[in-house]
Amino acid sequence: MTKLISGARFLAAFASMTRNPNQLDRVFRLIDGIDANDDEGLLDEIFSRPDFGPVASGDIPPLSLRPPALRRLPAGSLGRELISFLDERGLDPESLKRQEAPQTAFDRIRVHLQRSHDLWHVLTGFGTDVASELGLQAFYGAQFDSPAAMAIITAGFLNGLLFEKRDISRRLEAVALGWQMGKQAKSFVGVDWTSWLDKPLEEVRAHFAVDPAQVENVGALEKGTTRIRAAA
């Protein structure tokens with residue numbers, strides 16, 4: 001019965017997100033629904049990955065982002081670029097503290113990914129419009145098996161087919177670019193991002209093999225002023 005209820009919650013969130021993919025709370029409900037119905041095979045695969053290990057064990061604590069502290073970081077640092085990203089979009093990092101003390105290994109992984117989500121935006125260059133969010137989800141899917149990312153991408157394409165046909169091409173390009181970037185970059189999973197916040201953004205991108213030409217492509221795609229060019 002519990003799985004049936006969780007499945008119904010997932011379907012309701014998926015349908016709601018297909019109608020309007022801009023709601024962050026619906027994304028979280030979608031992810032929670034998938035987690036509740038996950039099978040042991042996928043969990044075993046997640047726990048067997050060494051990059052998830054430090055998070056699952058609690059060695060890397062949940063990321064805590066304090067806006068005043070971020071604003072005191074050096075100009076051009078990952079943390080300063082992050083708070084600029086959040087301020088420009090009216091986003092509050094405190095709103096992501098949905099679960100203060102995750103009790104299980106899987107919950108620790110989920111909270112880690114949720115709280116570092118906006119850092120992934122800054123590092124890849126993807127914005128927060130629908131196409132860009134789908135591109136970032138493709139990056140997630142390329143880095144590790146993520147049923148949530150695949151469900152979100154599917155909902156985004158269904159939304160385009162039903163309600164935003166003129167944006168389909170851009171969404172396809174964003175997903176293709178995000179997948180390519182995710183395959184080429186080093187793993188973002190299980191990173192203690194707190195230790196990187198004061199480092200220059202370009203230095204962090206270089207360390208994790210994020211191609212500057214691809215970041216430029218992402219920017220051009222979001223602006224919609226030019227087609228993306230092939231990365232070098």
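The following refers to the structure shown. (Residues numbered from 1 in each chain as written. Predicted model: local features only at pLDDT ≥ 70, side-chain atom pairs only at ≥ 80, totals over all residues. Heavy atoms only, no water.)

1. Focus: the overall build of the protein
Alright, step 1. Within the protein, the regular secondary structure consists of 13 helices and zero strands.
Alright, step 2. Counting from the amino terminus, helix and strand elements in the protein follow one another as α-α-α-α-α-α-α-α-α-α-α-α-α.
Alright, step 3. Classification of the 232 residues of the protein by burial places 50% in the buried group.
Alright, step 4. When contacts within the protein are restricted to residue pairs at least 6 apart in sequence, long-range pairs at least 24 apart make up 67% of them.
Alright, step 5. With the model as given, the accessible surface of the protein reaches about 11300 Å², and the carbon-plus-sulfur share is 56%. (Helix = DSSP H or I, 4+ residues; strand = E, 2+ residues; numbered from the N terminus. Buried < 20%, exposed > 50% of the residue type's maximum accessible area, 1.4 Å probe, protein only. Contact = heavy atoms within 4.5 Å. Areas by Shrake-Rupley, 256 points an atom, 1.4 Å probe, with all protein chains shown as cover.)

2. What about the side chain of D51?
Alright, step 1. Counting through the fold element by element, D51 comes out in the loop between helix 3 (40-48) and helix 4 (53-56).
Alright, step 2. A polar contact is formed between the side chain of D51 and the side chain of R49, at a distance of 2.5 Å.
Alright, step 3. In terms of polar contacts, D51 uses its side chain to reach the side chain of S187, at 2.8 Å. (Polar contact = N/O pair within 3.5 Å; in protein donor to acceptor, adjacent residues only side chain to side chain.)

3. Comments concerning the pattern of salt bridges
Alright, step 1. By the definition in use, this model includes nine salt bridges.
Alright, step 2. The partner of D51 in a salt bridge is R49, with the nearest N and O atoms 2.5 Å apart.
Alright, step 3. For D167, the salt bridge identified is with R171, shortest N-O distance 2.8 Å.
Alright, step 4. Judged by its relative accessible area of 2%, R171 is buried.
Alright, step 5. Via salt bridges that share partners, D129, D167, R170 and R171 belong to a single interconnected network. (Salt bridge = Lys/Arg side-chain N within 4 Å of Asp/Glu carboxyl O.)

4. Comments concerning the packing of helix 8 (residues 117-124) against helix 9 (residues 130-143)
How two helices sit against one another is set out by the angle between their axes and by the gap between those axes.
Alright, step 1. At their nearest, the axes of helix 8 and helix 9 sit 11 Å apart, and the two run at 100 degrees to each other. Classed by the angle they form, the pair helix 8 and helix 9 counts as roughly perpendicular. Contacts between helix 8 and helix 9 pair H117, W120, H121 and T124 from the former with E133, L136, Q137, F139, Y140 and Q143 from the latter. (Axes fitted to C-alpha atoms, helices over the stretch in contact; angles between N-to-C directions. Parallel < 35°, antiparallel > 145°, perpendicular 65-115°, else oblique.)

5. A short note on the nonpolar core
Alright, step 1. Counting 43 residues, the largest nonpolar core has L78, W120, M181, F188, W193 and F208 as the members making the most contacts within it.
Alright, step 2. Counting only elements with at least two residues in this core, the list comes to helix 4, helix 6 (78-88), helix 7 (105-115), helix 8, helix 9, helix 11 (168-184), helix 12 (201-207) and helix 13 (212-223).
Alright, step 3. Top contributing element to this core by residue count: helix 6, with five residues.
Alright, step 4. Contacts of L78, omitting those with residues within four sequence positions, involve L119, V122, L123, W193, W196, L197, K199, P200, L201 and V204. (Core = buried A, V, L, I, M, F, W, Y, C linked by side-chain atoms within 4.5 Å.)

6. What to know about the side chain of T124
Alright, step 1. Within the secondary structure, T124 is located in helix 8.
Alright, step 2. At 2.8 Å, the side chain of T124 forms a polar contact with the backbone oxygen of W120.
Alright, step 3. Those residues within four positions of T124 in sequence are excluded, and the remaining contacts are L136, F139, M181, F188, V215 and V218.

7. Focus: the layout of surface pockets
Alright, step 1. As a volume, the second largest pocket reaches approximately 290 Å³.
Alright, step 2. Lining the second largest pocket are 15 residues, with E81, F85, V122, G125 and R205 positioned closest to its centre.
Alright, step 3. Of all the secondary structure elements, the ones that give two or more residues to the lining of the second largest pocket are helix 6, helix 8, helix 12 and helix 13.
Alright, step 4. Considering every element that reaches the lining of the second largest pocket, the biggest residue donor is helix 6, with four residues.
Alright, step 5. Class assignment of the residues belonging to the lining of the second largest pocket gives a composition of five nonpolar, five polar and five charged. (1 Å grid on protein atoms, 1.4 Å probe; cavity = no way out; pocket = protein on both sides within 12 Å on 5 of 7 lines; lining within 4 Å. Points joined across faces, edges and corners; volume = space filled by probe spheres on them. Nonpolar A, V, L, I, M, F, W, Y, C, P; charged D, E, K, R; others polar.)

8. What about helix 13?
Alright, step 1. For helix 13, with 12 residues, the first-to-last C-alpha span of 17 Å sits near the 16 Å given by 1.5 Å per residue.
Alright, step 2. Of all the residues in helix 13, the buried ones are A213, Q214, V215, N217, V218, A220 and L221.
Alright, step 3. Looking at the buried side of helix 13, the elements it contacts are helix 8, helix 11 and helix 12.
Alright, step 4. Where helix 13 begins, one side-chain oxygen reaches toward the backbone nitrogen of A213, 2.9 Å away; that side chain belongs to D211. (Expected span 1.5 Å × (residues − 1).)

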